[in-house]
Structures are given as structure tokens and as C-alpha cells.
Amino acid sequence: MSEQELKALRVRIDSLDEKILELISDRARCAEEVARVKTASLAEGEKPVFYRPEREAAVLKRVMERNKGPLGNEEMARLFREIMSSCLALEEPLKIAYLGPEGTFTQAAAMKHFGHAVISRPMAAIDEVFREVAAGAVNFGVVPVENSTEGAVSHTLDSFLEHDMVICGEVELRIHHHLLVGENTKTDSITRIYSHAQSLAQCRKWLDAHYPNVERVAVSSNAEAAKRVKGEWNSAAIAGDMAANLYGLTRLAEKIEDRPDNSTRFLMIGNQEVPPTGDDKTSIIVSMSNKPGALHELLVPFHDNGIDLTRIETRPSRSGKWTYVFFIDFVGHHRDPLIKAVLEKISQEAVALKVLGSYPKAVL
Ligand SMILES: O=C(O)C(=O)C[C@]1(C(=O)O)C=C[C@@H](O)C=C1
């Protein structure tokens, strides 16, 4: 390519950037107007609801449907995700609590869902995320709920039994783990590997093959593991890219998870009900009486009405020995007439039924 051609293309890019800049500013001004309209139409004592997950899902879907390339749909939606995040911040900067410390996959999930124009606060434990939301100190919380290799995150499920929360969104993240070391680590003298218990389990086979005699130490998070390694010469950590970059660690081995499709699903928790979008999921907790066929009775209405169950998990109820609750996710919104009828049928048989929330299926 000649210098001349390159120059001409850069002039074109500059002119396109100017147009994009103008359009983004126009859009931001529109969001400010939206905020004004939302605030003006309030009844006495009513608070404006700036964040609208159902609208955000619709905007991102529309972008993906209309995208003609060459950028891929996900890439384009990520750009719009950030534009919308900044527009919302003009209306009201969202406060988000997540399972910290900084550098966890949960933080990455929070950014993927809400974008970067939020005020985010790392919490030391899942229960603290729930408490922060319940206290109204933040608008939303982000917690991991299940991993495709290791299954349910029981702390999160148990926290739903103790707190009244509304699930308002979900996001899935591909989880890649690396073996990380610090500047001072003697790589042939590693005697200890730190990570979160779930991550150690997700890399079990790799560790058995490569470090069979090294002590595996479970700590509160992957980011905490990365932090510890910085100051020690004989240890390594298993963590992801965010933690590696944050603590300046080197990747001794990359993508060491046993399953290449290893993914974690995260939930957004808050106090806000989300209206139907036509492509939603619902999460419920049900407890049945301890009698033969109880689980069958619970599942029949879903089967009879052709409702797609996406997950079912059992946990001790914590209110009696050998009694259990079921966490069920299914496709549909609790306001859909068919789903309403199914939930009514189940509640006739159940000891208790609680709808944790209906929310748009993850777009990104
Ligand atoms: O449509 C709205 O209600 C808006 O507030 C605008 C907007 C946007 O930028 O598109 C911003 C925040 C909401 O969460 C959803 C959409």
C-alpha cells in the first residue's frame, strides 16, 4: 500500500470518527431527555427507575440482528453495551457489588453485563453481596451461580434462602484458567498452588498430570490466590486474565482447565422486577412435602405444558433435618399466562413456592 493510499484512508477514518462522535453525543443527550421524562412522570414519593434490563436486552438484540459485519455480532454488541452503559451513567451511575476482590471472574461478569460506566464495589463473600443489596447500599449485586464443570455454587443458592432478592439478569462467561507465577518464583521449586476450590476442581486432571505432589491450597478467590503469589518464591496461583494482569503475574501455562468449554453463569440480584421481553427465563425455589413422588408431582406441570427446564438443583432446606428445597430455572416469564397457570398448579402441591425473578436470557 502506498503512503498516499494510507493517508487518504486515515482522512476517511477521521471524518467517520467525527460523525460517530456526533451521533454518540446525540444519543447521550437523548438519554438525558429520557431521564427527565422518567423523573417528570412520577407519582408522589415514587422513585424513578433508570436502569431497564428489558430495554437493554432489546437494544443489544436489535444491534445484533441488523449488524452486517465485518465486525462480528458479539463484538458490535459489546461496543453498544459500553455506549449504553455510559448513557445510563448520565441518568444515574449504577452501584454494583460483586464477589471480589478486584480481578475475579465475577468482576469480569459484572462488566460484561453492565458495561464499565458503573461504580463497582468488591465484597469479600457471596453473603456480603446479598447483604449490600438488601441494605440498599448498591443497586445490584453480581454472584456466581453455576459452573459447567463443577456444578452449583451452593453459597449463592443458600443465600437466596436467607434474603429476599429479585434476580434481574444472567450472564455467562467462558472461564480460562492459567498457572501464574511472580517475578521471584523459582519455577522448578513450586511446592504450593493457590486457587479457589472451584478452580482447583476445574483443573484437577491437569494438576494431577503436571503437579501431582504439590500442595493445593484453597483460598477465598482466584484474585486472592494471585495476590498471595506475588510475595512468595515457592508458590503459584491458578487464576484468569484479569487477576494475572492486575497483579503483574506471568503465565507459566495457559488454559489449563480440564474442559475446553468450561463456563460459569452469574446472576444479577436486586429489588427490581423486570417486565417480559418475549425471551425470558424464570428462577423459582420450591419446597415439597417429604413424601414419595413429590418430585414427580412438581415436574409434571412443566412437562404437560411443554415448558423447557434449564436447571434443577436440590439443597437442604435449613429448616428441618433431611428436608430439601428445589431451585428450578425454566424458559418463560412468570407473567406469561401459561407460566402463571403452571406456577398456580405447583403451589397447590408445594409447601412453599417463591419466584426469585424473571429476566431476559443473556444476550452477550
Ligand atoms: O430507554 C431507556 O429507558 C433508557 O434509559 C435509555 C437506555 C439507553 O441508553 O438506551 C439507558 C439505560 C436503560 O437501562 C435502558 C436504555
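For the structure itself, consult the block above.
Everything numeric in this text was worked out from a predicted model, so none of it was measured. (Residues numbered from 1 in each chain as written. Predicted model: local features only at pLDDT ≥ 70, side-chain atom pairs only at ≥ 80, totals over all residues. Heavy atoms only, no water.)

Enquirer: Teacher, can you tell me more about empty space enclosed by the protein here?
Expert: Rolled over the atoms, a probe with the dimensions of a water molecule shows which regions are left empty. In the structure shown here, the tally under the stated rule is two cavities of 30 Å³ or more. In this model, the largest cavity occupies a volume close to 180 Å³. Lining the largest cavity are 17 residues, and of these Ala57, Leu60, Arg81, His113 and Val363 lie nearest its centre. Those elements that provide at least two residues to the lining of the largest cavity are α2 (53-66), α4 (105-114) and β5 (166-174). Looking at the lining of the largest cavity residue by residue, the classes come out as 10 nonpolar, two polar and five charged. (1 Å grid on protein atoms, 1.4 Å probe; cavity = no way out; pocket = protein on both sides within 12 Å on 5 of 7 lines; lining within 4 Å. Points joined across faces, edges and corners; volume = space filled by probe spheres on them. Helix = DSSP H or I, 4+ residues; strand = E, 2+ residues; numbered from the N terminus. Nonpolar A, V, L, I, M, F, W, Y, C, P; charged D, E, K, R; others polar.)

Enquirer: Even after reading the chapter, I still don't get unusual backbone geometry, so can you show me in this structure?
Expert: Backbone phi values are negative for most residues with the exception of glycine, while trans is the configuration of most peptide bonds. Residue proline 70 follows glycine 69 across a cis peptide bond; omega there is 5°. Positionally, proline 70 belongs in the loop between α2 and α3 (73-91). Following glycine 100, the chain continues to proline 101 via a peptide bond in cis, the omega torsion being 0°. For proline 101, the location among the structural elements is in the loop between β1 (95-99) and α4. Even without glycine at this site, lysine 255 takes up a positive phi of about 45°.

Enquirer: Looking at this structure, how should I read the packing of α2 against α3?
Expert: Packed helix pairs are specified by the crossing angle of their axes together with the interaxial distance, meaning the distance between the axes. Relative orientation of the contacting elements α2 and α3 amounts to 145°, with a least axis distance of 9 Å. Along this stretch, α2 crosses α3, giving a crossing that reads as right-handed. Facing α2, whose interface residues are Glu56, Val59, Leu60, Val63 and Met64, α3 presents Asn73, Glu74, Met76, Ala77, Phe80, Arg81, Met84 and Leu88. Looking at side-chain class alone, the contact of α2 with α3 contains nine nonpolar, one polar and three charged residues. (Axes fitted to C-alpha atoms, helices over the stretch in contact; angles between N-to-C directions. Left-handed = near helix turned anticlockwise from the far one by under 90°. Contact = heavy atoms within 4.5 Å.)

Enquirer: Sorry if this is basic, but what is going on with the sheet that holds strand β12 (residues 280-287) here?
Expert: The strands making up a sheet are joined through hydrogen bonds of the backbone, oriented either antiparallel or parallel. The sheet built from four strands is open, its strands ordered β13-β14-β12-β15 with antiparallel pairing. Every other strand in the sheet has two partners, leaving β13 (309-316) and β15 (352-360) as the edge strands with one partner each. Pairwise comparison of adjacent strand axes, ignoring direction, gives a mean angle of 15° for this sheet. In this structure, β13 lies alongside strand β14 (residues 324-331), joined through seven bridges in antiparallel fashion. Paired with leucine 309 across the two strands is phenylalanine 330, which belongs to β14. Across the sheet, helix α6 (residues 154-162) lies against β12, β13, β14 and β15, angled at about 80° from β13, the strand it touches most. This element, helix α12 (residues 337-349), spans β12, β14 and β15 of the sheet and lies at about 160° to β15. (Pairing = 2+ DSSP bridges.)

Enquirer: Help me understand a nonpolar patch on the surface, please; the structure alone is not making it clear to me.
Expert: A cluster of nonpolar residues, Leu16, Ile20 and Ile24, forms a patch on the protein surface that exposes about 240 Å² of accessible area. With respect to the element layout, leucine 16 can be found in helix α1 (residues 3-40). (Patch = residues over 30% accessible without salt bridge, like charges linked within 9 Å, V, L, I, M, F, W, Y side chains within 5 Å. Areas by Shrake-Rupley, 256 points an atom, 1.4 Å probe, with all protein chains shown as cover. Salt bridge = Lys/Arg side-chain N within 4 Å of Asp/Glu carboxyl O.)

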